[in-house]
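# Structural overview for review
Listed below are the residues making up each chain.
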Amino acid sequence: MLAQENNVFEETCETVYKLNQDQEVRYLCEMREEGQRILRTYQSLLKASETALAESTAALAESTAALAESTAALAERDAKLAEKDALIASLQAQLEAQQQ
């Protein structure tokens, strides 16, 4: 009733209402910005982990190739050593045969 008689109260109510709306809108905008910041941070971390995973995979593939190469070289050396062992055994047998 007092507000109906005096325009000042009505204007004050409208101003308070608008200010409250502005605060709500500001709060919603801040929450949206915070959500976008969190999303960007998550995406950045995800991209960094994908990059690290790709680098680790490449390093693992390189290590696997080096290991396969080393294994092949060791197998070749083992074969040569087996040939030499056979030759030594043959020569020892010949030597023993000559000594008898």
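Before reading on, note that the structure itself is shown above.
Before going into details, it helps to say that this report is about the structure given with it. From a predicted model like this one, the values you see are computed outputs, not experimental measurements.

Parameters at a glance
Residues numbered from 1 in each chain as written. Predicted model: local features only at pLDDT ≥ 70, side-chain atom pairs only at ≥ 80, totals over all residues. Heavy atoms only, no water. Helix = DSSP H or I, 4+ residues; strand = E, 2+ residues; numbered from the N terminus. Rg over C-alpha atoms; globule rule 2.2 N^0.38 Å. Buried < 20%, exposed > 50% of the residue type's maximum accessible area, 1.4 Å probe, protein only. Areas by Shrake-Rupley, 256 points an atom, 1.4 Å probe, with all protein chains shown as cover. Lys, Arg positive; Asp, Glu negative; His and termini not counted. Charge placed at Lys NZ, Arg CZ, Asp CG, Glu CD. Salt bridge = Lys/Arg side-chain N within 4 Å of Asp/Glu carboxyl O. Patch = residues over 30% accessible without salt bridge, like charges linked within 9 Å, V, L, I, M, F, W, Y side chains within 5 Å.

Turning our attention to the overall build of the protein chain. A count of helices and strands for the protein chain gives two helices and zero strands. On C-alpha atoms alone, the protein chain measures out to a radius of gyration of 42 Å, which is more than a quarter above the 13 Å that the 2.2 N^0.38 rule sets for 100 residues. In the protein chain, which comprises 100 residues, the proportion classed as buried is 0%. Counting every atom, the protein chain has about 9,300 Å² of accessible surface; 59% of that belongs to carbon and sulfur. With 9 positive and 18 negative side-chain charges, the protein chain shows a separation of 5 Å between the mean positions of the two kinds.

Here we take up the pattern of salt bridges. Summed over all chains, the structure comprises two salt bridges. Among the ionic pairs, Arg37 bridges to Glu34, the shortest N-O distance being 2.6 Å. In this pair, Arg37 and Glu34 are both assigned in helix 2 (residues 7-99), three residues apart and thus about one turn of the helix distant. In this structure, the salt-bridge partner of Glu76 is Lys80, at a minimum N-O distance of 3.7 Å. Of this pair, Glu76 and Lys80 both sit in helix 2, four residues apart, which is roughly one turn of the helix.

It is worth spelling out the environment of Asn20 at this point. The residue Asn20 is located in helix 2 in this model. Sequence separation of Asn20 and Ala58 is 38 residues, and the distance between their C-alpha atoms is 57 Å.

Moving on, we come to a nonpolar patch on the surface. A contiguous nonpolar surface patch, about 330 Å² in accessible area, is contributed by Tyr27, Leu28 and Met31. Topologically, Leu28 is positioned in helix 2.

Geometry only, nothing functional implied.
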